[in-house]
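# Structure at a glance
Letter by letter, the chains look like this.
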Amino acid sequence: MQLSLQGIVPVPLRDKMNNRQSGLWQRSLSFTKGEYVFIQAPSGTGKTTLIHILYGLRKDFEGNVNWEQTGMTNAGNEALALLRTNSISVIFQDMRLFPELTAWENIDIKRKLTNTVTEQQANVWLDRLGLQDKKQSLAATMSYGEQQRLAIVRALMQPFEWLLMDEPFSHLDHANTEKAITLIGEVVKQRNAGMILADLDENTYFPYTKTIIL
Amino acid sequence: MSDNVQKDLLKKLLLRSQNRSRLWAAIAALCVGTTLLLLSVMIWWNFRELLYGKNQNDTLGSTYLVIGKKVTDQKMGDATATLFTPQDVDSLGKVPQVEDIGLIRSNYFPVYASMGGKLPLSTDLPLQCVPDKFIDKMPADWKWEPGNVYLPIIVSSQFLDDYNYGFAPSQGLPQLSETSVKSIAISLEIGNGDNKETVLAHVVGFSDRISSVLAPESFIEYGNKKYGKPGMTDRLSQLIIKAKDPSDVQFASYLEKHNYTTNPENLRWSRMRAIVEVVTPATGFLALLLMGISTLVFILFIELTIARAQHSVTLLLQIGYSPRYLSRFMTSRFLPMILGTVLISMVLAIAGQFAASIAVQPQGLTLSTLPGWPVWTALALSTAILVVLVNKYISDAIKKQI
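Quick caveat: nothing in here was measured; it's all calculated off a predicted structure.

### Here we look at the overall build of chain B
Across its full length, chain B holds 12 helices and 11 strands. Burial statistics for chain B: of 402 residues in total, 31% are counted as buried. When contacts within chain B are restricted to residue pairs at least 6 apart in sequence, those whose partners lie at least 24 apart make up 79%.

Here's what the structure looks like:
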């Protein structure tokens, strides 16, 4: 699945972007499946806005975003749901877990949508990120670090061609970051998928094929 | 199994904020609204059946009136002055309230009735006939052909009452039930002198509509032709008319203007019927209003439930759940409640109709033991509208969260 961007700019950032150079905003770019894209974005340059635009959560932008044939400006709710179930997965910066559900239930509600990951596999991945003792804890009672690891495992519970990540390790220590990078790297490779990771600073989490300064 | 886990999780996220007491209040409101709607349709239909139905309830509404020309001091000497002319009949036929006119014809041949046994009564008997469609309670064996020995006759219920409560006690004669009267054979001698014959009359029914003794038209025609006074023809002193609404002011003034008389009781009952006809649709309108309000309450409850679960709905949509899937899930939760209330209302309507059919029996009226088709139609329509509305509002409320 190819992603193409044509002159996109978020309406609230339009004036700001007119006065600075960006490697992505107001440019025409395309990304082919399997690419590892790193978006380096200083604070306030629209990193989260970009991830939300790519995931179809925001429509207040100019230009065109196309996932293969599906244009995000005109995509209907059902088409978006299909895209989010089978083709694009996301790790939100603010995690977006169900606070009233346990860690396992948060995983299960996503897993049951497609049933592509077995219960056993999901358990293994949770264990690998050190959440084995937290499965029955309510998400609301977990620390930010635990919530972020949970959000990472949840994002892997579906088939995808692209994995979008918005500061995915911002709450993790070095050891947990390493574990998460290894797990994500394995799954993305296994699925022949691509990734777009947006973060503040330069990093070498993954072997990026493209780096763009936002 | 896996589906059940998913549904349990969705239930936890979307329906946990449901307030139980509000849910029961919404269901109760819906149940009351639907039941009232069905009952009002049932009442309306039952009145219709009683007033206009093709069963044995015609005497109730008495849209049938027997009219005659008033006998005044001036007309006393002129026997033809109180007879209806063809012009009178034509003129009556043009009155908007008149739906049908029947000629009440009398015998102009001698009839002498006598009973044997414990009732040694004998008398000259005036007979009348009307077209069959004007008979309120049509007996099964209502026919006569020349040569038949048995003649069916219909007697006014009033005659039997007069006999039982007036004549019999004063003369020391036994009172008679309708069944016993039907078993009595009355010997009718028709004609006179050498030109006469005897038939055996049997009372086969009682009429509340016509206050005379009725014989089949074929018998009156036969008697008039064979034994009637030469030169005599039909003399129309009375007519029976089927009126849409005899209590109509214009119709009443028409009767008054032409000096026609009728049974004022009929007019009074018709007025009552007119009131019932106004009250029943008014009740229906109120029931419709209540049904509308209760539907609104139920839909508001659903909207409130979804609004309370707004965060979960939004997040579910963000992680890939489609609006259609969530709408179906929510509808599948509320549909059993709707169908449950509809079922309760249906049972109540069936019980109500059964009770009504039993309640009217002592009055000699007949109602079906099951609700009529309009009740089922109202039930099907209201359910369909409710399901469509609930479906639409759930779908809209979920789309609002995108």
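### A closer look at the interface of chain A and chain B
The interface of chain A with chain B comprises 17 residues on the first partner and 17 residues on the second. Those elements that provide at least two residues to the side of chain A that touches chain B are α3 (77–86) and α4 (103–114) of chain A. When residues in the side of chain A that touches chain B are grouped by element, the largest group, 6 residues, is from α4(A). In the side of chain A that touches chain B, the residues fall into 6 nonpolar, 4 polar and 7 charged.

### Details of the nonpolar core
Core analysis: the largest hydrophobic core is formed by 106 residues, its most contacted members being A:Trp162, A:Leu163, A:Leu164, A:Met195, A:Ile196, B:Leu38 and B:Ile302. Here this core gets 12 residues from one element, more than from any other, and that element is helix α2 (residues 20–52) of chain B. Not counting residues up to four positions away in its chain, the partners in contact with B:Ile302 are B:Phe334, B:Val390, B:Tyr393 and B:Ile394. Listed in part, the 39 residues of the second largest apolar core include B:Tyr64, B:Phe84, B:Ile186 and B:Leu255.

### As for the sheet that holds strand β5 (residues 70–71) of chain A
Residue and element names in this part refer to chain A. Strand order in the open sheet formed by 4 strands is β2-β1-β4-β5, with antiparallel pairing between adjacent strands. Every interior strand has two partners, whereas the edge strands, β2 (28–31) and β5, have only one. As paired elements, strand β1 (residues 3–10) and β2 share 4 bridges and run antiparallel to each other. Its bridge partner lying in β2, Ser4 is registered against Ser30.

### A word on α4(A)
Since there are 3.6 residues in each turn of an α-helix, residues three or four apart along the chain are aligned in direction. All names here are of chain A. α4 sits mainly inside the fold: 9 of its 12 residues count as buried. Three or more residues of α4 are buried, namely Ala103, Glu105, Asn106, Ile107, Asp108, Ile109, Lys110, Arg111 and Leu113. Asn115 sits one or two residues past α4 and shows a positive phi near 55°.

### Re the pairing of β1(A)
Direction of pairing for β1(A) relative to strand β4 (residues 61–67) of chain A: antiparallel, over a ladder of 6 bridges. Within β4(A), the position partnered with A:Val9 by the bridge is A:Glu62.

### With respect to helix α7 (residues 217–227) of chain B
All names here are of chain B. Within the sequence span of α7, burial applies to Phe219, Ile220, Tyr222 and Gly223. Considered in projection along α7, the buried side chains sweep an arc of 165° and stay on one side of the axis. Elements in contact with the buried residues of α7: β2 (98–106), β5 (128–129), β6 (150–156) and β7 (185–192).

### Let's talk about the confidence of the model for chain A
Looking at chain A as a whole, the pLDDT averages 94, with 100% of positions reaching at least 70. Summarising per-element confidence for chain A, the mean pLDDT is lowest in helix α1 (residues 14–18) of chain A (81) and highest in helix α6 (residues 144–155) of chain A (98).

### Quick notes on the packing of α4(A) against α6(A)
Residues and elements named next belong to chain A. Orientation of α4 relative to α6, taken along the N-to-C sense of each, is 25°, at an axis distance of 9 Å. Taken together, the axes of α4 and α6 are roughly parallel relative to one another. Judged by the twist between their axes, the crossing of α4 over α6 is right-handed. Across from Ala103, Asn106, Ile107 and Lys110 in α4, the residues of α6 making contact are Leu150, Val153 and Arg154. Looking at the contact of α4 with α6 residue by residue, the class counts come to 4 nonpolar, 1 polar and 2 charged.

### A few points about the environment of A:Pro10
All names here are of chain A. Among the secondary structure elements, Pro10 is positioned in strand β1. Sequence separation of Pro10 and Ile53 is 43 residues, and the distance between their C-alpha atoms is 8.5 Å. If near-sequence neighbours (up to four positions away) are discounted, Pro10 is found in contact with Gly46, Thr49, Ile53, Asp60 and Phe61.

### A few points about the pairing of strand β3 (residues 111–114) of chain B
Taken residue by residue, a regular strand's side chains alternate between the two faces of the sheet. All names here are of chain B. Note that β3 and β7 share 4 bridges and pair antiparallel. Note that in β7 the partner of Ser114 across the bridge is Ser187. Judged from the 3 bridges that link them, β3 and strand β4 (residues 122–124) form a sheet pairing that is antiparallel. Its bridge partner lying in β4, Tyr112 is registered against Asp124.

### Structural notes on unusual backbone geometry
Residue and element names in this part refer to chain A. Here the phi dihedral of Gln26 falls at roughly 65°; this positive angle occurs in a residue that is not glycine. Look at Gln26 and you get partly exposed, because 16 C-beta atoms sit within 10 Å. At Glu68, a position not held by glycine, the phi torsion is positive, near 55°.

About the cut-offs
- Residues numbered from 1 in each chain as written.
- Chains lettered and ligands numbered in written order.
- Predicted model: local features only at pLDDT ≥ 70, side-chain atom pairs only at ≥ 80, totals over all residues.
- Helix = DSSP H or I, 4+ residues; strand = E, 2+ residues; numbered from the N terminus.
- Buried ≥ 20, exposed ≤ 12 C-beta atoms within 10 Å, placed from the backbone.
- Contact = placed C-beta atoms within 7 Å.
- Nonpolar A, V, L, I, M, F, W, Y, C, P; charged D, E, K, R; others polar.
- Core = buried A, V, L, I, M, F, W, Y, C linked by C-beta atoms within 7 Å.
- Pairing = 2+ DSSP bridges.
- Arc of directions from axis to C-beta.
- pLDDT = per-residue confidence, 0-100.
- Axes fitted to C-alpha atoms, helices over the stretch in contact; angles between N-to-C directions.
- Parallel < 35°, antiparallel > 145°, perpendicular 65-115°, else oblique.
- Left-handed = near helix turned anticlockwise from the far one by under 90°.

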